[in-house]
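Below are the chains, spelled out letter by letter.
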Amino acid sequence: MPGHEGGGTCAVRKSEGACFLNRQSSDLKVQRKPRRATPARAGKEAAAPLEVRNADTGKSSEMLALVLESLDEDKAEDVVSIDLSGKTPIADHMVVASGRSQRHVGALADHLVHRLKEAGFGTSQVEGLKQGDWVLIDGGDVVIHVFRPEVREFYRLEKMWSADIPADQLAN
């Protein structure tokens, strides 16, 4: 992109159909809308998106399994996994969990970020780690929210995304 030098904010002219792209990490990937297939290229272009989608699904499933295992090992409470595919393009999965205290919430999040990095998923974006009430970890394919129980009860994120989650799996 014009004016891009490896970090910061990348500006895109309004005449190109977008205003700004905020580049948060070095591994950010921008997907462009595929061109309409012509008869000569129809076979090639039709196969590629499916292969990419299958690879992404495998990667997000691996990340989700690691996240759930990490939270279980660190004794997170009321862990709920929400499948976001078809609901939003921000991620494939959302995981919501609770810690018993601010210190426990911080430890859950810190251990999870380190495990994701060690497993080769890159550096996740983290918000709220110092406060320890609500920590948001953006792993790209999986978004994780770790709350203190009182804060989780107040925001009730599961209810926003729970169109197909059984009522017994939701935090009250």
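Scope of this entry: the structure provided in the associated data block.

Rules used throughout
- Residues numbered from 1 in each chain as written.
- Predicted model: local features only at pLDDT ≥ 70, side-chain atom pairs only at ≥ 80, totals over all residues.
- Heavy atoms only, no water.
- Phe/Tyr/Trp six-rings, centres within 6.5 Å; stacked < 30°, edge-to-face > 60°.
- Helix = DSSP H or I, 4+ residues; strand = E, 2+ residues; numbered from the N terminus.
- Buried < 20%, exposed > 50% of the residue type's maximum accessible area, 1.4 Å probe, protein only.
- Pairing = 2+ DSSP bridges.
- Axes fitted to C-alpha atoms, helices over the stretch in contact; angles between N-to-C directions.
- Salt bridge = Lys/Arg side-chain N within 4 Å of Asp/Glu carboxyl O.

### Topic: the packing of aromatic side chains
One pair of aromatic rings is described through two measures. These are the centre distance and the angle between the planes. Taken as a whole, this structure holds three aromatic pairs when the rule is applied. When the centroid spacing of 4.8 Å and the interplanar angle of 35° are considered together, the rings of tryptophan 134 and phenylalanine 147 count as tilted. On the criterion of sequence distance, the pair formed by tryptophan 134 in strand β6 (residues 134-138) and phenylalanine 147 in strand β7 (residues 142-147) is long-range, its members being 13 residues apart. Tryptophan 134 sits in the partly exposed class, given a relative accessible area of 29%. Judged by relative accessible area, which is 0%, phenylalanine 147 ranks as buried. Ring geometry for phenylalanine 154 and tyrosine 155: centres 5.0 Å apart, planes at 90°, overall edge-to-face.

### What to know about the sheet that holds strand β5 (residues 125-127)
Strand pairing within a sheet occurs via backbone hydrogen bonds; the two strands may be parallel or antiparallel. Across the sheet, which stays open at both edges, the five strands sit in the order β3-β4-β7-β6-β5 with mixed pairing between neighbours. For this open sheet the edge positions go to β3 (77-83) and β5, each flanked by a neighbour on one side alone. Neighbouring strand axes in the sheet, compared pairwise and without regard to direction, differ in orientation by 10° on average. Two elements, β3 and strand β4 (residues 93-98), share five bridges in a ladder whose sense is antiparallel. Within β4, the position partnered with serine 81 by the bridge is valine 95.

### Digging into unusual backbone geometry
Even without a glycine there, the phi angle at lysine 75 is positive, about 65°. Within the secondary structure, lysine 75 sits in the loop between α1 (42-73) and β3. For arginine 156, which is not glycine, the phi dihedral falls at a positive 45°. The residue arginine 156 is located in the loop between α3 (149-155) and α4 (157-161) in this model.

### Topic: the pattern of salt bridges
Overall, the coordinates contain seven salt bridges when judged by the stated rule. Linking aspartate 74 and arginine 115 is a salt bridge whose minimum nitrogen-to-oxygen distance equals 3.0 Å. You can see aspartate 74 sitting in the loop between α1 and β3 and its partner arginine 115 sitting in helix α2 (residues 102-118), a full 41 residues away along the chain. Residue class for arginine 115 comes out partly exposed when judged on its relative accessible area of 23%. Ionic pairing is found between glutamate 158 and arginine 152, a salt bridge with its closest N-O pair at 2.3 Å. Each member of the pair, glutamate 158 as well as arginine 152, carries the same accessibility label: buried. Via salt bridges that share partners, Glu73, Asp74 and Arg115 belong to a single interconnected network.

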